[in-house]
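# Examination of the molecular architecture
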Amino acid sequence: MRNYPGNSVFIFLFLIASGISGPTQSQDWVTPEPRQVAWQQLETTAFIHFTVNTFTGKEWGDGTESPEIFNPVDFDAQKMVEQLKKAGFRLVVLTAKHHDGFCLWPSKYTEHSVKNSPWKNGKGDVVREFAEACREAGLKFGFYLSPWDRNHPSYGTADYNEFYKNQLRELLTSYGDIAEVWFDGAKGKDAKNMTYDFYGYWAMVRELQPDAVMFSDAGPDVRWVGNEKGNAGATCWSTIDTVGMAPGVADPAYLNTGDRNGNLWIPAETDVSIRPGWFYHPEEDDQVRSVANLVNLYYQSVGRNSLLLLNIPPTPKGLFHETDVERILEFRKVLDETFSENLFARANLTPLIDDDLQTYIELTKEKPQILELGDMVSFDRILLQENIWNGQRMAEFSIEYMDGDAWRTLAESTTIGYKRLIKIDEVTTQRLRISTIDSKGKVQLAAFGIYKASAGEFE
Ligand code: FUL
């Protein structure tokens with residue numbers, strides 16, 4: 001855990017006073033804001049890392065790159081967004097500015113941008129093209145604006161906060177609806193000392209785009225999952241406490257599991273790249289994640305009460321590499337094959353199969369829930385969802401199946417939250433039993449599903 005130099009009591013009071021933290025306390029429960037539920041329901045979202053690094057082969061540019069090297073001659077945002085849409089991604093988060101300071105839009109406040117690139121004779125705007133392509137395709141759009149800027153001369157002085165806010169305002173006011181703003185706390189060891197005015201940045205986003213969720217290590221709306229490997233905690237609470245935290249200053253292990261007793265609703269976002277690097281490097285063309293690996297990421301993120309933000313980096317031509325496209329399309333096909341048919345379809349338990357989080361059955365420690373499957377059914381995947389509108393309550397449970405006339409354990413698990421997916425060896429049965437071992441009061445089980453995994457999951 002890195003040390004946070006600020007005053008944690010001040011932060012806490014500030015968050016309460018400003019209303020920036022977002023969550024509402026309903027009786028004993030910490031519950032989400034509508035924008036947080038809408039975000040979580042997107043499930044699979046795409047990250048796009050694109051900048052001068054795409055042309056230099058670096059992961060972190062140093063800010064001295066000439067804008068002249070940015071020339072994606074075949075750039076086609078519509079094509080990339082269509083491919084993402086086909087692969088089931090519902091939000092695109094673009095690196096409008098990475099640590100090198102190069103802006104993918106023609107910012108008024110710096111010369112270090114596409115306006116000084118040969119691409120489209122300096123008239124291009126990557127942010128606009130992606131934002132418009134997303135709008136046309138019905139996808140949501142968001143951006144990453146790196147606070148660490150290795151190009152701008154004001155970095156390290158108080159003036160930088162004004163510069164950053166000017167850029168933030170440009171992005172928040174010129175490109176339509178923004179669904180997510182990504183605040184990255186990363187900073188190199190050689191970086192100048194700089195105190196970011198995160199609360200000022202966050203207040204601006206709330207004012208100008210109230211439906212946007214803000215990501216950082218410390219929220220305020222969604223949090224980093226604590227690693228870049230694509231693993232949400234096997235136990236994953238959507239609640240945490242942020243006292244003593246700031247973007248770039250948090251305990252990854254804490255972020256990974258969340259905190260049963262946390263007093264803020266800040267669910268985990270799992271950001272991970274389809275390749276070893278965040279930016280495209282041709283030497284990694286044979287290291288694109290396999291379909292089975294991608295599907296597993298889905299189980300480890302969405303299936304553990306998180307959301308998948310999968311990075312697919314464009315090549316210097318300004319298009320996705322064909323291998324990446326093949327993999328994401330196949331990824332979706334496998335997920336569709338697995339989850340298209342819920343083999344649990346009992347009419348008397350419609351609340352569990354109606355796709356509405358707000359209809360549910362209650363589970364308590366005292367009363368295990370028996371689920372009749374009707375016929376004998378064979379399956380190897382289980383899905384559970386809680387009605388997160390009323391908070392997150394399940395802490396530990398077991399599922400048994402009827403084998404002849406004996407109950408046998410099928411799965412033991414901890415949190416559910418928005419979604420829990422469980423892989424089991426195939427079993428055939430007519431009856432299941434869910435027992436709550438530990439919970440925060442009555443659990444509101446909103447969905448239950450059993451599925452037969454597509455062969456593609458194992459290839
Ligand atoms: C990190 C950055 O330093 C990486 O380059 C990348 O953008 C990743 C998503 O966040 O903090």
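The model shown is predicted, which means the values in this text are computed figures rather than measured ones. (Residues numbered from 1 in each chain as written. Predicted model: local features only at pLDDT ≥ 70, side-chain atom pairs only at ≥ 80, totals over all residues. Heavy atoms only, no water.)

As enumerated under the stated definition, the model contains 24 salt bridges in all. Between arginine 275 and aspartate 285 there is a salt bridge, with the nearest N and O atoms lying 3.0 Å from each other. Here arginine 275 is found in the loop between strand S11 (268-273) and helix H9 (291-300), whereas its partner aspartate 285 is found in the loop between S11 and H9, with ten residues between them in sequence. Under the relative-accessibility criterion, aspartate 285 is labelled partly exposed at 24%. Across the pair arginine 433 and glutamate 400 runs a salt bridge whose closest N-O atoms are separated by 3.0 Å. Highlighted residues: arginine 433 in strand S17 (residues 420-439) and glutamate 400 in strand S15 (residues 394-403), separated in sequence by 33 residues. Sharing partners across several salt bridges, the network here consists of Arg35, Arg206 and Asp221. (Salt bridge = Lys/Arg side-chain N within 4 Å of Asp/Glu carboxyl O. Helix = DSSP H or I, 4+ residues; strand = E, 2+ residues; numbered from the N terminus. Buried < 20%, exposed > 50% of the residue type's maximum accessible area, 1.4 Å probe, protein only.)

Close contacts around the ligand come from Phe47, His49, Trp60, His98, His99, Tyr144, Trp182, Asp184, Ala186, Glu228, Asp271 and Trp278, and that covers them all. Within the contact set of the ligand, an oxygen atom lies 2.7 Å away from a side-chain nitrogen or oxygen of histidine 49. Within the side chain of tyrosine 144, a nitrogen or oxygen atom sits 3.2 Å from an oxygen atom of the ligand. Compared with its free state, where it exposes 290 Å², the ligand has 92% of that area covered by protein. (Near = heavy atom within 4 Å. Polar contact = N/O pair within 3.5 Å; in protein donor to acceptor, adjacent residues only side chain to side chain. Areas by Shrake-Rupley, 256 points an atom, 1.4 Å probe, with all protein chains shown as cover.)

The domain boundaries assigned to the protein delineate domain 1 (8-338) and domain 2 (343-458). Residue-level contacts link 28 residues of domain 1 with 29 residues of domain 2. Both sides of the domain 1 and domain 2 interface together cover about 2600 Å² of buried area, and 57% of this is carbon and sulfur. When the area that domain 1 buries against domain 2 is broken down by residue, the three leading residues are Trp29, Arg260 and Tyr299, summing to 25%. In this assembly, domain 1 and domain 2 are joined by two salt bridges. Where lysine 419 meets glutamate 43, a salt bridge forms, and the shortest distance between an N and an O atom there is 2.8 Å. Those elements giving two or more residues to the side of domain 1 that touches domain 2 turn out to be strand S2 (29-31), helix H2 (34-40), H9 and helix H10 (322-339). No other element matches H9, which puts five residues into the side of domain 1 that touches domain 2. (Domains from an automatic or database assignment. Contact = heavy atoms within 4.5 Å. Buried area = accessible area lost by both parts, 1.4 Å probe.)

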